[in-house]
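Each chain, written out:
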Amino acid sequence: MILEELQDQAALYALDALDATETAAFERALHDNAELSALVREMREASADIARTAPAQRPPAELKQRILREVALEKQATATGVARSTSSSASWLPWAIAALVLIFCGVLAKDRARLQRELADARAADALAQTTFVTLTSPTPGHEEAKVTVAWQADRQSGLITINNMAPAGQGRDYQLWAVDANHKDPINAGIIHVDANGVTRVRFKPDQNATQIKAFAISLEREGGVPKREGP
C-alpha cells in the first residue's frame, strides 16, 4: 500500500510540479517501489489524456496584461532586493490539478474493472456456448432414480460429470466413465467416478485419448481401480 504522502507527491511529480530537492527525494523513493512507479505511470497517462481531451479555449483578453504586470513586478522586486510572496492561486493550483488527476485515475481504474468484468462474462458465455450437455439414464434395474449429467468441452478436451441418487459401487468395485467417439473403435477411458455414501459426486474428467467426435458417454461398473477396456455392465 502506498502512503498518502507519497500519493500526493506522485501526483505532483507526474505534473513536474516538485522542486529539484523534492524531485530528487521522490525519485529515491521511486527507485525500488514498483507499485509507486505504476501509480506515477498511470497519473502521467491520465494527465496526458486530460490534455488531449480538454476543449480548446481562447485565453481571456486581459491575460496578456496580467502576465506583463507580473513580470514587471518581479523585475522591480529583484532590483530592490525584496522577495515577493507567491499568490494564493499559484500555491493551490498544483494541488487542484493533482486532485483532478487522482480523480481521473480513479475513473480509469473503475472503467478498467468494468471492462475486465465484461471480458470475464464474455469468456464465460463463450465457454457455455461451446459446452455440450448430456444426460445419462440407466437401463440397469435399481438405478432408475439416478440423475447423471455430463458437461463436455471439446476445445478443452475435458468435462464435468454430476451425479445424484446413485448407489455406491460397492466393495471391490468402481464406476468408470467412458467416451464413445466416432473415430475410435472402443469407448475411451475417461476415468474412475467415486460416488459417496449419499449417492452424490461432482468430478472433472479428461479422456486419456483425444476425442473429437463424441457420440455418447457411458458409465460401467468395473473392478476396483478401473480397466483399460470395458468389461462390466
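Here's a quick rundown of the structure.

Attention now moves to the packing of aromatic side chains. This structure, assessed with the given rule, holds three aromatic pairs. Ring geometry for Trp-152 against Phe-205: centres 6.0 Å apart, planes inclined by 10 degrees, an arrangement best described as stacked. A residue pair is termed long-range when its members are at least 10 positions apart, and Trp-152 in strand E2 (residues 147–153) and Phe-205 in strand E6 (residues 201–205) qualify at 53 residues. Among the residues examined, Trp-152 registers a relative accessible area of 5% and is labelled buried. Residue Phe-205 is classed as buried on the basis of its relative accessible area, which comes to 4%. Among the aromatic residues, those joined into a cluster by ring pairs are Trp-152, Phe-205 and Phe-217.

Ranked by size, the top nonpolar core spans 18 residues in total, and within it Ile-161, Ile-163, Leu-177, Ile-193, Phe-205 and Phe-217 carry the most contacts. Mapped by element, the contributors of at least two residues to this core are E2, strand E3 (158–164), strand E4 (173–181) and strand E5 (188–193). In this structure, Leu-177 is in contact with Ile-161, Ile-188, Asn-189, Ala-190, Gly-191, Ile-193, Phe-205, Phe-217, Ala-218 and Ile-219, ignoring residues within four places of it in sequence. Ala-10, Ala-11, Leu-18 and Leu-36 belong to the second largest nonpolar core, which has 13 residues in total.

Looking now at the environment of Asn-189. Following the sequence through the fold, Asn-189 ends up in strand E5. Here Asn-189 falls in the buried class, since its relative accessible area comes to 18%. Sequence separation between Asn-189 and Arg-230 is 41 residues; the distance between their C-alpha atoms is 8.4 Å. With residues near it in sequence (within four places) discarded, Asn-189 still touches Gln-176, Leu-177, Trp-178, Pro-207 and Asp-208. Here the side chain of Asn-189 touches Gly-191 through a polar contact of 2.9 Å, landing on its backbone nitrogen.

Before going further, it helps to spend a moment on the pairing of E5. Two elements, E4 and E5, share five bridges in a ladder whose sense is antiparallel. Note that in E5 the partner of Tyr-175 across the bridge is Ile-193. Count of turn residues in the E4/E5 antiparallel hairpin: six residues.

Cut-off values and rules
Sequence order as written defines residue numbering, which begins from 1 separately in each chain. Selection of residues for local features in this predicted model requires a pLDDT of at least 70, selection of side-chain atom pairs for listing and counting requires 80 or more, and totals for whole chains, interfaces and linings are taken over all residues. Neither water nor hydrogens contribute to the side-chain values; these are computed over all heavy atoms in the structure. Stacked, edge-to-face and tilted are the three classes for Phe, Tyr and Trp ring pairs, Trp counted by its six-membered ring, which pair at centre distances within 6.5 Å; planes under 30 degrees apart are stacked, over 60 edge-to-face, the rest tilted. Helix and strand assignments follow DSSP, with helices taken as H or I runs no shorter than four residues and strands as E runs no shorter than two, numbered in order from the N terminus. For each residue, the accessible area found with a 1.4 Å probe, counting protein chains only, is set against the maximum for its type, and the residue is called buried under 20%, exposed over 50%, and partly exposed in between. To form a nonpolar core, buried Ala, Val, Leu, Ile, Met, Phe, Trp, Tyr and Cys residues must be joined to one another through side-chain atoms within 4.5 Å. Should any heavy atoms of two residues lie within 4.5 Å, those residues are counted as being in contact. Counted as a polar contact is a pair of N or O atoms within 3.5 Å, where, for protein atoms, one must be capable of donating a hydrogen and the other of accepting one, and residues adjacent in sequence contribute only when both atoms are in side chains. Here, strands pair whenever DSSP counts at least two bridges between them.

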